[in-house]
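Reading the structure
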Number of protein chains: 2
Amino acid sequence: MNTLQDAFEHGLQAVYYAEQTLLKAMPQMAQKAQSEEFRAALEQHEEETRRQVMMLEQVFQTMGIEAQAAPCKSVDGLIADAQELMSQAQPPALDAVTLAAAQANEHFEITKYGTLVAWARELGRQDVEGILQQILDQEKQTDQKLTRIAENLVNQRAQKAA
Amino acid sequence: MNTLQDAFEHGLQAVYYAEQTLLKAMPQMAQKAQSEEFRAALEQHEEETRRQVMMLEQVFQTMGIEAQAAPCKSVDGLIADAQELMSQAQPPALDAVTLAAAQANEHFEITKYGTLVAWARELGRQDVEGILQQILDQEKQTDQKLTRIAENLVNQRAQKAA
């Protein structure tokens, strides 16, 4: 990995791995969700993530490189931590803990796409920068929506029930 | 883990682990940094992180609970990924890749402290909410500073040298 182009290609492969791996973990999170609004948000994000995987495939195609996933220990770790916490937590703490794990996943994606957008711009690849910016905006919106659900609903319920 | 208080205490232990573990990994990142401005930012953040560990100990003390670290696979994964990338990357890509890894660490902390601040508020613990908010603000400022260094210096150098 010698050039910014190399780093960019590896970064794409890393988010491709992240999206696919997090997608597989989402149904379990939605299933654990106690509050309807939270479950609906997770299910909606699952659909969005499927579209993001296709958007990433479009980026690979535009770049003329094969769509490949580069495994990341950080993604595996996020999922392992979430599963461990969800197995230990009971209602009313369960939703608060699951929602925090979902936000950790979003922030992981936000930093990765933020980097990729900056690198695409520097590489003069406006053709893929726009797609990556669109995914980044979606991840930020999901994070903000989860913050609203946490503050207005999940945390209050967890505290009231205690 | 049944209550929001339980979740909060575990979350504190998790960031205590994160800060201590990331602190140990910082000198290696600073040593790898090619650009002086980037290295200085990493070294400054190392000092700040030492103070944050003490601030967390103050939170534990105020809460009347023992300062304990709860290992997280996600933190271990972030460090493992960073080390693997730094070992594979050569200048001029090296700084861009190292900086992206440093920002991934910041975003991990931002999401964790964001959750802890919200939980402290819900629990009516204004006494520790302020300290956690202060750390959160510092992490966000570090992330913004790294973005500026990336966009104005590191990425440009990586692309020009290619």
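Bear in mind that the values here come from a model prediction, so they are computed numbers and not experimental data. (Residues numbered from 1 in each chain as written. Chains lettered and ligands numbered in written order. Predicted model: local features only at pLDDT ≥ 70, side-chain atom pairs only at ≥ 80, totals over all residues. Heavy atoms only, no water.)

1. Thoughts on the overall build of chain A
Helix and strand content of chain A: 5 helices and 0 strands. In summary, chain A has a C-alpha radius of gyration of 17 Å against a globular reference of 15 Å for 162 residues, a match within 12%. Seen through its principal axes, chain A has C-alpha atoms that stretch 55 × 25 × 20 Å. Relative to its 162 residues, chain A shows a buried fraction of 56%. Sequence separation of at least 24 residues holds for 80% of the intrachain contacts in chain A that already meet a minimum separation of 6. A total accessible area of about 6900 Å² is found for chain A, and carbon and sulfur atoms account for 45% of it. One way to put it: in chain A the 14 positive side-chain charges average out to a point 5 Å from where the 24 negative ones average out. (Helix = DSSP H or I, 4+ residues; strand = E, 2+ residues; numbered from the N terminus. Rg over C-alpha atoms; globule rule 2.2 N^0.38 Å. Buried < 20%, exposed > 50% of the residue type's maximum accessible area, 1.4 Å probe, protein only. Contact = heavy atoms within 4.5 Å. Areas by Shrake-Rupley, 256 points an atom, 1.4 Å probe, with all protein chains shown as cover. Lys, Arg positive; Asp, Glu negative; His and termini not counted. Charge placed at Lys NZ, Arg CZ, Asp CG, Glu CD.)

2. A few points about the confidence of the model for chain A
Summarising the model, chain A shows a mean pLDDT of 95, and 99% of its residues fall at 70 or more. Across the predicted assembly, pTM comes out at 0.95 and ipTM at 0.94. (pLDDT = per-residue confidence, 0-100.)

3. Points about the layout of surface pockets
By volume, the largest pocket is sized at about 900 Å³. In terms of lining residues, the largest pocket is bounded by 44 residues, among which His107, Ile110 and Asp143 of chain A together with His107 and Ile110 of chain B are the most central. When residues of the lining of the largest pocket are traced back to their parent elements, those giving at least two are α4 (93–122) and α5 (126–161) of chain A together with α4 (93–122) and α5 (126–161) of chain B. Residues of the lining of the largest pocket, tallied by class, amount to 19 nonpolar, 17 polar and 8 charged. (1 Å grid on protein atoms, 1.4 Å probe; cavity = no way out; pocket = protein on both sides within 12 Å on 5 of 7 lines; lining within 4 Å. Points joined across faces, edges and corners; volume = space filled by probe spheres on them. Nonpolar A, V, L, I, M, F, W, Y, C, P; charged D, E, K, R; others polar.)

4. What to know about helix α1 (residues 4–32) of chain A
Three or four residues apart is the spacing at which side chains of an α-helix point the same way, because the helix has 3.6 residues per turn. Along its 29 residues, α1 of chain A runs 41 Å from first to last C-alpha, staying within 8% of the 42 Å computed at 1.5 Å per residue. Residue alanine 25 of chain A marks the point of greatest curvature in α1 of chain A, where the axis turns by about 35°; the proline proline 27 of chain A follows within four residues. (Expected span 1.5 Å × (residues − 1). Bend = angle between axes of the 7 residues up to and from the residue.)

5. As for the pattern of salt bridges
Within this structure, the stated rule accounts for 11 salt bridges over all chains. One salt bridge in this structure joins arginine 121 of chain A and glutamate 151 of chain B, with 3.6 Å as the shortest N-O distance. In this pair, arginine 121 of chain A sits in helix α4 while glutamate 151 of chain B sits in helix α5, so the two residues belong to two different chains. Given a relative accessible area of 38%, arginine 121 of chain A falls into the partly exposed group. Among the charged side chains, a salt-bridge network with shared partners connects Glu46, Glu47 and Arg50 of chain A. (Salt bridge = Lys/Arg side-chain N within 4 Å of Asp/Glu carboxyl O.)

6. Quick look at the relation of the copies chain A and chain B
The relation between the two copies of this chain is a rotation about an axis and a shift parallel to it. Between the two copies, chain A and chain B, the superposition gives an RMSD of 0.0 Å; the rotation angle is 180° and the shift along the axis is 0.0 Å. A rotation of that kind, with that shift, is consistent with a two-fold axis. Most of the interface of chain A is mirrored in chain B: 100% of its interface residues are interface residues there too. (Least-squares fit on C-alpha atoms with pLDDT ≥ 70 in both.)

7. What to know about the packing of α1 of chain A against helix α3 (residues 73–88) of chain A
Residues and elements named next belong to chain A. Two elements in contact, α1 and α3, have axes separated by 10 Å at closest approach and are oriented at 10°. If you check the angle between α1 and α3, you find them roughly parallel. Every residue of α3 that contacts α1 at Tyr17, Ala18, Thr21, Leu22, Ala25, Gln28, Met29 and Lys32 is listed here: Val75, Asp76, Ile79, Gln83 and Met86. Classifying every residue of the contact of α1 with α3 by side-chain character gives 8 nonpolar, 3 polar and 2 charged. (Axes fitted to C-alpha atoms, helices over the stretch in contact; angles between N-to-C directions. Parallel < 35°, antiparallel > 145°, perpendicular 65-115°, else oblique.)

8. Regarding the packing of aromatic side chains
All names here are of chain A. Evaluated as defined, the whole model comprises 2 aromatic pairs over all chains. Here tyrosine 16 and phenylalanine 60 contribute two aromatic rings whose centre-to-centre distance is 5.2 Å and whose plane-to-plane angle is 70°, an arrangement assigned as edge-to-face. Here the residue tyrosine 16 occupies a position in helix α1, and phenylalanine 60 occupies one in helix α2 (residues 36–63), the gap between them amounting to 44 residues. You'll find tyrosine 16 and phenylalanine 60 in the same group, each marked buried. (Phe/Tyr/Trp six-rings, centres within 6.5 Å; stacked < 30°, edge-to-face > 60°.)

9. Quick notes on the nonpolar core
One finds Phe8, Leu12, Trp119 and Leu132 of chain B to be the most contacted residues of the largest nonpolar core, which totals 74 residues. When sequence neighbours within four positions are dropped, the list of residues in contact with leucine 132 of chain B reads Phe8, Leu12, Leu56, Val59, Tyr113, Leu116, Val117 and Ala120 of chain B. In this structure, Leu4 and Tyr113 of chain A together with Ala82 and Leu146 of chain B belong to the second largest nonpolar core, which totals 47 residues. (Core = buried A, V, L, I, M, F, W, Y, C linked by side-chain atoms within 4.5 Å.)

10. A short note on the interface of chain A and chain B
The interface of chain A with chain B comprises 43 residues on the first partner and 43 residues on the second. Here chain A meets chain B over a buried area of about 3400 Å², counting both sides, of which 59% is carbon and sulfur. When the buried surface of chain A facing chain B is broken down by residue, Met1, His107 and Glu122 of chain A rank first, second and third, together holding 16% of it. Remark: the boundary between chain A and chain B carries 3 salt bridges. (Buried area = accessible area lost by both parts, 1.4 Å probe.)

11. Observations concerning the state of the cysteines
By the definition in use, this model includes 0 disulfides over all chains. Here cysteine 72 of chain A is not disulfide-linked; the sulfur of cysteine 72 of chain B is the nearest cysteine sulfur, at 18 Å. (Disulfide = S-S within 2.5 Å.)

12. As for the packing of α3 of chain A against α4 of chain A
Residue and element names in this part refer to chain A. Between α3 and α4, whose axes approach to 9 Å, the crossing angle comes to 175°. Accordingly, the angle class assigned to the pair α3 and α4 is roughly antiparallel. Every residue of α4 that contacts α3 at Ser74, Val75, Leu78, Ala82, Leu85 and Met86 is listed here: Leu94, Val97, Thr98, Ala101, Ala104, Asn105 and Phe108.

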